[in-house]
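# Structural characterization, general
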Amino acid sequence: MTILKPTRRSLIKTMAGSAAMLAMPAIWTSARGQENRLTVGDTGGIATEAYTEGYYKPYFEKTGVEIIPVERRESPVAEVRAIVETGTYRYDFCEGIGLDVATVLEEEGFLEDLDLTGETEDIPDHLKTNQFIGSNVVAFILAYRTDKYSKAVTHADFWDVAQYPGRRGLRQNARDTLQFALVADGVAPGDVAAVLSEEAGWERAFAKLDQIKPDIAVWWSSAAQTPTFLQTAELDMCPTFNSRAQSVIDVGSPVGITWENGFYMPYGWCIPKGSPKAEMARDFIKYCSSPEGQAIACDLMAAGPTNPNALELIPAERALALPTHPDNFSTMALTDFRFWGPRQEEAANRFSAWLGM
C-alpha cells in the first residue's frame, strides 16, 4: 500500500487537528482526570495503521485519551456475545465490524446505542443504524490485468473464455461467488436476493458456475492471496476486494478494477452492551465521523469514506479509486446482509457440496 507523502499527510492532519479542537466534546475536561485509555477490538494490518494515523494519534494529541488496539476475531459475533454475557470486557468497543455482523449483534441485544448527533448526521442512513456507524466502505469487484486485456472486462466477459482467454480465479465463498455468477447471468446486483428467494434462483446460479468451473485456475480462500496472484500474473482476472486490487495498482502493477455491478459493505464501529466505558467510546466514535480523519484513514487503506465531505479532502485522482466516489458507488449495490444472514450456513453447505469439498 502506498504511504502518503509527508506534505500531503501533514496538510490533511493539520485540518483534522483544527476540526478536532473545535468539535471535541466537553466531557473530556472531567474525564481525563479519571481515565485516559480506551481499548478497541482491532482487525490489525493496514487498518490499524490507517486508523492510527487518521483517528488514534490525532485524538490522543487533542484529548490525552490513548486508544489501545486489542486483537479480535475477524467475525466476532461469538466473541462479543461472550464478552457481554460474562461481563469480561477485554475491549471497550470494536472497529472494522461489517454491517452484516453488527446487525446480527444488534438484533440479539448485544450492542449499545450510539450518539448519532453532530457530524455523524452527515453519514448516509444506509451506512448506519442506532448501534452501528460505518467509517469506511469496501467493495467486492472484478480485477484484471491491463497488460492482458485492452479494455475493462465485465462479469459476462469472465465467462467468455474464447474471447477473453487467461487464468481465472474465484473466491471459495458461497455468498460472493453465487452473487458474481448471477450478475454474469444478467441479474442486476440489487435483484440477486429476490432471485435467490426461489429455489430456481439457486439452480440458476449453480448452473452458471457449472459453465466456468473447468476454467478456474485458483479457488482462493484468503483475500490476502489475491494481490500476489494479480501482481505475478498467476491470475489474469478474478473478483476480489477493491483494497486488495488497489494495493498492487499503487505499486505500479498493470491491474485494473471493474466497479460496475460490484457489491459493497460498510465497516465501522460498535460498542458491546454494558461496556464500562461506553460513554467515552461514543464520543470517540463521533470524532471518527469527521471528514478530516476519514480522509486520512480511507486514503491509506483504499476504502471509501462514509462521510461524503471526506472525498473533498482527498486528491481527486485518489478519490476516483475509492468505492464511495459517486462514479463508483452508483454502479454497485449493498450486499443484502438481511437475506444472507439466516442463509449463510445453508449456502456454505450447498456451495461446498457443489465444489466437491
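Quick note: structure is the one above.
Before going into details, it helps to say that this report is about the structure given with it. Just so it is clear, the structure is predicted and the values come from calculations on it, not from any experiment. (Residues numbered from 1 in each chain as written. Predicted model: local features only at pLDDT ≥ 70, side-chain atom pairs only at ≥ 80, totals over all residues. Heavy atoms only, no water.)

Secondary structure summary: the protein contains 17 helices and eleven strands in total. At 21 Å, the protein has a C-alpha radius of gyration in line with the 21 Å of a compact globule built from 357 residues. For the C-alpha atoms alone, the extent of the protein along its principal axes is close to 70 × 45 × 30 Å. When each of the 357 residues of the protein is scored for burial, the buried share is 54%. A fraction of 73% describes how many contacts in the protein between residues 6 or more apart in sequence connect residues 24 or more apart. Accessible surface for the protein amounts to roughly 15000 Å². Of this, 49% is attributable to carbon and sulfur atoms. Mean positive and mean negative side-chain charge positions of the protein (32 and 48 charges, respectively) differ by 4 Å. (Helix = DSSP H or I, 4+ residues; strand = E, 2+ residues; numbered from the N terminus. Rg over C-alpha atoms; globule rule 2.2 N^0.38 Å. Buried < 20%, exposed > 50% of the residue type's maximum accessible area, 1.4 Å probe, protein only. Contact = heavy atoms within 4.5 Å. Areas by Shrake-Rupley, 256 points an atom, 1.4 Å probe, with all protein chains shown as cover. Lys, Arg positive; Asp, Glu negative; His and termini not counted. Charge placed at Lys NZ, Arg CZ, Asp CG, Glu CD.)

Here the idea is simple: oppositely charged side chains can pair when their charged atoms come close. All chains considered together, the criterion is met by 18 salt bridges. In this structure, Glu53 engages Lys57 in a salt bridge whose closest nitrogen and oxygen atoms are separated by 3.2 Å. Taken together, the positions of Glu53 and Lys57, both in helix α3 (residues 45-63) and four residues apart, correspond to about one turn of that helix. Judged by its relative accessible area of 33%, Lys57 is partly exposed. A salt bridge links Arg318 to Asp250; the nearest nitrogen and oxygen atoms lie 2.9 Å apart. Note that Arg318 is positioned in helix α14 (residues 316-319) and Asp250 in the loop between α11 (242-249) and β9 (255-270), a separation of 68 residues in sequence. Here Arg318 falls in the buried class, since its relative accessible area comes to 11%. Sharing partners across several salt bridges, the network here consists of Asp100, Arg171, Arg175 and Asp176. (Salt bridge = Lys/Arg side-chain N within 4 Å of Asp/Glu carboxyl O.)

With respect to the element layout, Leu114 can be found in the loop between α5 (99-107) and β4 (128-129). Relative accessible area serves as the criterion here: at 13%, Leu114 is assigned to the buried category. When the C-alpha positions of Leu114 and Lys286 are compared, they lie 8.6 Å apart, and in sequence the two are 172 residues distant. In contact with Leu114, not counting residues within four places along its chain, are Asn130, Gln131, Phe132, Ile133, Trp269, Ile271, Arg282 and Ile285.

Here α3 crosses helix α12 (residues 278-287) at 120°, and the two axes come no closer than 10 Å. Judged on the interaxial angle alone, α12 and α3 are oblique. As for the relative orientation of α3 and α12, their crossing is right-handed in sense. Here α3 contributes Tyr55, Tyr56, Pro58 and Tyr59 to the contact with α12, which in turn contributes Asp283, Phe284 and Tyr287. In terms of residue class, the contact of α3 with α12 is built from six nonpolar, no polar and one charged. (Axes fitted to C-alpha atoms, helices over the stretch in contact; angles between N-to-C directions. Parallel < 35°, antiparallel > 145°, perpendicular 65-115°, else oblique. Left-handed = near helix turned anticlockwise from the far one by under 90°. Nonpolar A, V, L, I, M, F, W, Y, C, P; charged D, E, K, R; others polar.)

Next up on the list: the packing of aromatic side chains. One pass over the full model with this rule turns up 24 aromatic pairs. Centroid distance Tyr56 to Phe284: 6.1 Å. Interplanar angle 40°. Geometry classified as tilted. One end of the pair, Tyr56, is in helix α3; the other, Phe284, is in helix α12, and 228 residues separate them in sequence. With relative accessibility at 0%, the residue Phe284 sits in the buried group. Here a set of aromatic residues connected by ring pairs shows up, and it is made of Tyr51, Tyr55, Tyr56, Tyr59, Phe93, Trp269, Phe284 and Tyr287. The ring of Phe158 has Arg168 lying over it, and the distance from NZ or CZ to the ring centre is 5.5 Å. A cation sits over an aromatic face here: Lys213 above Trp354, 4.5 Å from the ring centre. (Phe/Tyr/Trp six-rings, centres within 6.5 Å; stacked < 30°, edge-to-face > 60°. Lys NZ or Arg CZ within 6 Å of the ring centre and 35° of its normal.)

This part is about α5. For α5, every residue scored as buried is listed here: Leu99, Val101, Ala102, Thr103 and Leu105. Tucked into the core, α5 has its buried residues touching α4 (77-86), β3 (93-98), β4, β5 (132-145), β9 and α16 (337-340).

Taking burial as the measure, the eleven residues of helix α7 (residues 174-184) include ten buried ones, the bulk of the element. Where α7 is concerned, the buried positions are Ala174, Asp176, Thr177, Leu178, Gln179, Phe180, Ala181, Leu182, Val183 and Ala184. For α7, the N-terminal cap is Asn173; the gap from its side-chain oxygen to the backbone nitrogen of Arg175 is 3.2 Å. Backbone geometry just after α7 places Gly186 at a positive phi near 100°. (Polar contact = N/O pair within 3.5 Å; in protein donor to acceptor, adjacent residues only side chain to side chain.)

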